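The lines below spell out each chain.
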Amino acid sequence: MTHAEAVRSLTDTMAKFTAYIGKHLPTDVEAKLAELRAKETKPLAKAVYASMAENQEAAARLDRPSCQDTGVIQYF
């Protein structure tokens, strides 16, 4: 593999990784949020947890980032 091919391969891999992490939470984080949502008693907090869950579902279904301001990642 040439240097240019290695750079292209690494760039492609990091682009896919970055796209994925913007759309999916780790399973342990999703599980904890579901647990907290189920235990929550305050109406506003329940609504926030529900909105977060709907947003994550929509991100997966629509193949879009779960947050519209995901920031900028720089790799060195």
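This is a predicted model, so every value here is computed, not measured.

Novice: Tell me what's going on with the overall build of the chain, and back it up with residues and numbers.
Specialist: When you go through the chain residue by residue, the secondary structure sums to 3 helices and 0 strands. Secondary structure of the chain in N-to-C order comes out as α-α-α. Structurally, the chain occupies a C-alpha span of about 60 × 25 × 20 Å along its principal axes. Pairs at least 24 residues apart make up 56% of the contacts formed inside the chain by residues separated by at least 6 positions. Working note: accessible area of the chain is about 6,300 Å², and carbon and sulfur atoms make up 61% of it.

Novice: Report on the pattern of salt bridges, specifying residues and quantitative values.
Specialist: Applying the stated criterion across every chain, the model contains 4 salt bridges. In this structure, the salt-bridge partner of Asp63 is Lys23, at a minimum N-O distance of 3.0 Å. Within this pair, whereas Asp63 is found in the segment after α3 (43-62), its partner Lys23 is found in the loop between α1 (3-21) and α2 (27-39), the two being separated by 40 residues in sequence. Note that Arg61 is salt-bridged to Glu57, the shortest N-O span being 2.8 Å. Taken together, the residues Arg61 and Glu57, both in helix α3 and 4 residues apart, mark about one turn of the helix. Overall, Arg61 belongs to the exposed group, its relative accessible area being 54%.

Novice: Account for the side chain of Lys23, naming residues and giving values.
Specialist: Given a relative accessible area of 15%, Lys23 falls into the buried group. In terms of polar contacts, Lys23 uses its side chain to reach the side chain of Asp63, at 3.0 Å.

Novice: An account of a nonpolar patch on the surface is requested, with residue identities and associated values reported.
Specialist: A cluster of nonpolar side chains, contributed by Phe17, Tyr20, Ile21, Ile73 and Tyr75, occupies part of the molecular surface with about 500 Å² of accessible area. In this fold, Phe17 is placed in helix α1.

Novice: Break down the environment of Met14 for me, citing the residues and quoting the values.
Specialist: Here Met14 is to be found in helix α1. Look at Met14 and you get partly exposed, because its relative accessible area is 24%. Residues Met14 and Tyr75, spaced 61 residues apart in sequence, show a C-alpha to C-alpha distance of 8.7 Å.

Scoring rules and cut-offs
- Residues numbered from 1 in each chain as written.
- Predicted model: local features only at pLDDT ≥ 70, side-chain atom pairs only at ≥ 80, totals over all residues.
- Heavy atoms only, no water.
- Helix = DSSP H or I, 4+ residues; strand = E, 2+ residues; numbered from the N terminus.
- Contact = heavy atoms within 4.5 Å.
- Areas by Shrake-Rupley, 256 points an atom, 1.4 Å probe, with all protein chains shown as cover.
- Salt bridge = Lys/Arg side-chain N within 4 Å of Asp/Glu carboxyl O.
- Buried < 20%, exposed > 50% of the residue type's maximum accessible area, 1.4 Å probe, protein only.
- Polar contact = N/O pair within 3.5 Å; in protein donor to acceptor, adjacent residues only side chain to side chain.
- Patch = residues over 30% accessible without salt bridge, like charges linked within 9 Å, V, L, I, M, F, W, Y side chains within 5 Å.

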